[in-house]
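What follows is each chain in one-letter form.
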Amino acid sequence: MERITNETANQVLEPATRIAFSIVENPGVYALLLGSGVSRAAEIPTGWEVTLDLVRRMAAVEGVTDRVDWAAWHLERFGTDPGYSQLLDALSVTPTERRSVLHHYIEPTAEDLDAGRRVPTRAHHAIARLVRDGWIRVIVTTNFDRLLETALKAVGVEPVVIASVDDLSGASPLPHCRCLILKVHGDYLDNRILNTDAELASYPAEYDRLLDRILDEYGLIVLGWSGEWDPALRAAVTRAPSRRYPTWWASRGEPGPAASDLIARRAATMVPVANADTFFCGLADAVDVLAKSRRPSPDTIELLLATTKRNLSNPERRIDLADAFAEQADKVATRLRGDEFPVTMQVTNDVLIERWKAIESLSEPLARMVGLAGRWGDGTEFGIVEDVVRSLVSDQPGNGNTALIGLATYPAYLAYLTYGLGLTKAQRWGDLFRWLTIELAWTFREPVAATRSLFMSFWNGVESAWWKFWPDLDRRKTPWADHLVDAVVPWSRDYGLSGEAAVENYRTLELLGGFAFLTGESEQTLQQLQDFTWMPYGQTIAWADDARERIIKRLEGPALQPKLFAAGFSNGSAAHWEGVKRNIGLLARKVSW
């Protein structure tokens, strides 16, 4: 085995960093093997502590209450060292009785809850973070308690818990579980718990098959398990046929004989730890930092942007431009298809926003490249950008949680927006009208205009109300627009727009998107409207009335409106334009309430 000691700590990375790096580079491939040491900080006693307390209670029946070393008393009284299994056998006959004996060591009282005892520890909450974010999906534990399940539910994860063969027969297949907890010794509320030597000597065949698969296909992080009292679990670890991924064995001190043997057999790396809380909190924090570092650094993004500008400035570099866009789009799609972004999982509002944020960071380099193409392109790049958006739309996952499947097109949503922002800034009105009227082919749907499926409040597969789950947007009238103004519009600095000028450019696109959306409506229909027709909208229609009036006045100026009509807006008709304005007014009255 490889041993990390204090003497070598300065020459290698810290163990938590090495483990975290492996987890981030291989999301979902590590399983946790947890013993009673993980719950010790919750003041749930270990097996040895239960043993000593049972000895104390036996002694009390015989009138002995003043001993300090209860193990020594047992040796004097019975001639043997106390054993957990033997004591439970002596004090109880059936599994039901044994469950009752152990129940009061685990179940918190009202007093415990008030004092913060027998509740999830920092370690449990750190593990829950790792599971919530998709880094860990499988947990094997010898613990009877439900502290881990409680911590997971607190972050929106409903684990699949296997505490009996009956549970296993009805469980989803392992790859489809967001989180599976295999409680090899059972649950403290179930009479079928295993804790005597005879019961722990072997597992049901169904357990053995699942353990064999986990120990063969997953890396292993072990903490709080001595291996001394669990022959069936030791046998499962020993017979694992391969070591596809590493095993890390965290221990407070020198491991005992059983653990040392398993460490050698698995070629495990020993990791000295102070306690479970320190180890798992440090590990979860390290994973967070490393995961965020996978987002392209500012230097990397600036290099991509500089290359994009160079390719745009030279017509002879159109092949290089196309290759760069295709490569970046493929990187986005490949990561979205990987284990980093699973879609077969349960989702809470917090999980949804965490996923949304991650995809936004992933999409930023490509979206900003596309914005530059809109601003500095000459039209020959139009088809290249169109291909990018079409490919990102068509690459949706086929099965899984519908919300997560919908979010998978966020890179396309952002690219569609940023190209439009660049075109608006460049006043490339003809290309902008083409962009706002292209049709996109969605899976299992007829082609539909992009402004009806990927623009502002109109986004196939994503409810506009979901934008309110973003922090501080729950009471906003236009949460999508407000988020885009805060997070995406600042990317316009790449072509010289910032502050109010960037927002004005964005709001201009909002309005022109609405005009393009209603291109197919007749002048007569629009002019006779008594009620509004839905159209994509944002700040300028819902609440920024002054901005709407100012921008429309500018668009209607003698130097600009003829160009817009020539480009195709309102079919070149002043009457149609007035009809769209009528609808904008009707819609504004509706959504501004």
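Just above, that's the structure.
Residues numbered from 1 in each chain as written. Predicted model: local features only at pLDDT ≥ 70, side-chain atom pairs only at ≥ 80, totals over all residues. Heavy atoms only, no water.

J.: Help me get a handle on the environment of Tyr416, residues and values and all.
T.: Here Tyr416 is to be found in helix H20 (residues 410-426). For the pair Tyr416 and Val462, spaced 46 residues apart in sequence, the C-alpha separation works out to 16 Å. Once residues lying within four places of it in the same chain are set aside, the contact partners of Tyr416 are Val389, Trp435, Leu436, Ile438, Ala450, Thr451, Leu454 and Phe455. (Helix = DSSP H or I, 4+ residues; strand = E, 2+ residues; numbered from the N terminus. Contact = heavy atoms within 4.5 Å.)

J.: Any chance you could break down the pattern of salt bridges for me, citing the residues and the numbers?
T.: Under the defined criterion, the tally for this structure stands at 30 salt bridges. Notably, a salt bridge pairs Asp208 with Arg239, separated by 3.0 Å at the nearest N-O pair. Highlighted residues: Asp208 in helix H11 (residues 205-217) and Arg239 in helix H12 (residues 231-239), separated in sequence by 31 residues. Between Glu381 and Arg428 there is a salt bridge, with the nearest N and O atoms lying 2.7 Å from each other. Of this pair, Glu381 sits in the loop between helix H17 (349-376) and helix H18 (382-394) while Arg428 sits in the loop between H20 and helix H21 (429-437), and the two are 47 residues apart along the sequence. No difference in accessibility class separates Glu381 from Arg428, as the two residues are buried. Within the structure, one salt-bridge network assembled from shared partners comprises Glu302, Glu364, Arg368 and Asp494. (Salt bridge = Lys/Arg side-chain N within 4 Å of Asp/Glu carboxyl O. Buried < 20%, exposed > 50% of the residue type's maximum accessible area, 1.4 Å probe, protein only.)

J.: Go over the environment of Ala542 with me, naming the residues and quoting the values.
T.: With respect to the helices, strands and loops of the structure, Ala542 is situated in helix H25 (residues 539-542). Through-space distance from the C-alpha of Ala542 to that of Lys590 is 8.4 Å; in sequence the pair is 48 residues apart. In this view, Ala542 contacts Lys477, Thr478, Tyr537, Val591 and Ser592; residues no more than four positions away in its chain are not counted.

J.: Let's hear about the side chain of His74: which residues, and what values?
T.: Positionally, His74 belongs in helix H3 (residues 70-78). Among the residues examined, His74 registers a relative accessible area of 7% and is labelled buried. Residues within four places of His74 in sequence aside, it is in contact with Val55, Gly79, Thr80, Asp81, Pro82 and Leu87.

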